[in-house]
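# Structural overview for review
In case you want the letters, here they are:
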Amino acid sequence: MIRWCMYCQKFLGEMAPYADASVSHGMCASCDARLERGEEVHAETESVRALLRRVVERAASGDDAACEQLFAEAQKTGLAIESFLVGMLQPALYQVGCAWQNGSLTVVDEHRFTLWCERAFAILPPRKRAADPLDLLIVQGVDNTHTLGPRFAARVLSERGFAVEAIVPTLPLDEIAAVVVARKPRFVGLSCAILDSLPPTLRLIEELDQRIAGKWQTRYVLSGFAVRSAENLANLPSLPIVQLTTDFEFLS
Ligand code: B12
Ligand SMILES: [Zn+2]
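Notes on the structure in this doc start here.

### Observations concerning the pairing of strand 6 (residues 187-191)
- For strand 6, the tally of buried residues reaches four of five residues, placing the bulk of the element in the interior.
- Direction of pairing for strand 6 relative to strand 7 (residues 219-223): parallel, over a ladder of five bridges. Counterpart to F187 in the pairing with strand 7 is R219.
- Between the parallel pair strand 6 and strand 7, the chain is carried across by helix 8 (residues 198-212), and the sense of this crossover is right-handed.

### Things to note about the sheet that holds strand 6
- Spatial ordering of the open sheet is given by 5-4-6-7-8, a layout of five strands whose pairing is parallel. Two strands in the sheet have a free side with no partner beyond their single neighbour: strand 5 (164-167) and strand 8 (242-244). Pairs of neighbouring strands in the sheet enclose a mean axial angle of 25°, with direction left out of account.
- In the packing of helix 6 (residues 148-159) onto the sheet, contacts are made with strand 4 (136-140), strand 5 and strand 6, and the angle to strand 5 comes to roughly 170°.

Definitions and limits used
- Residues numbered from 1 in each chain as written.
- Chains lettered and ligands numbered in written order.
- Predicted model: local features only at pLDDT ≥ 70, side-chain atom pairs only at ≥ 80, totals over all residues.
- Buried ≥ 20, exposed ≤ 12 C-beta atoms within 10 Å, placed from the backbone.
- Helix = DSSP H or I, 4+ residues; strand = E, 2+ residues; numbered from the N terminus.
- Pairing = 2+ DSSP bridges.
- Right-handed = clockwise from strand over helix to strand, strands pointing away.
- Axes fitted to C-alpha atoms, helices over the stretch in contact; angles between N-to-C directions.
- Contact = placed C-beta atoms within 7 Å.

Dropping the structure here:
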């Protein structure tokens, strides 16, 4: 679930259930303080909804020109990059996934929508290559071709000041091991969008850990939509070196 401040329209972050794309309105600390001081604050819940609605409409029709325009508008209204990505594009993509799943949207529609989001991501101001040693290196879980998730995660975390790199598409194990040894990440994160890739990805982590033994020691996190949406991960074999996570708290 996505949370926005109902007063100033600041993006407040996500909260469980993570697979739920609906928007909930709360209050940010600064509006709370203003209300405490008795200052007048007008609840304004419509502007973010309206922008989100237009993002969904334009993305659905594959209107490339609107892509830059809507990002510019988002910036004009003071939306940070994280708010645009996680507060707007991500819930829109989650909704598209549901619509595709329940048959109200075709694969072609879904591809058009995704391409639009790729474009919107590509027009973000460029970011510098993260310096080594990395806080987090994100690589794809086994058989995961969903590349937006790991790239969004890396961008959001670098906006927050962490040294994060996401490498997509999938790399062979030897290449992953070489990058880990070279870039010395505190954490290696595996991204899984589909449930079926969780068990083989745990095995991949075990192999990777053996491969880098004696050269670099790191910790592992497993995340992505598969982890966020799973109702029950009890059947998943537990691996002491791996932490399953639905958010970015492990970094702080
Ligand atoms: C776009 C899309 C595709 C595109 C991907 C294009 C691309 N370049 O990425 C394509 C068409 C390739 C695709 C293919 C498939 N897809 Co698909 N796809 C989607 C869709 C609609 C959006 C994905 C997305 O970009 N989301 C937005 C991103 C930003 O969100 P996110 O991935 O959750 O990432 C965030 C967090 O999870 C986190 N995060 C992600 N990775 C990591 C890693 C670390 C370390 C950390 C800390 C955090 C983190 O940070 C991100 C930012 O907040 C989803 C719906 C959904 N709910 O996500 C379905 C969805 C993921 N796909 C699904 C399926 C079934 C498939 C296919 C099997 C369909 C098919 N029959 O061919 C194939 C599988 C391909 C494969 N083997 O991977 C299902 C998965 C169901 C399941 N639970 O297993 C979903 C959920 C749709 C649905 N509702 O059924 N898909
Ligand atoms: Zn506020």
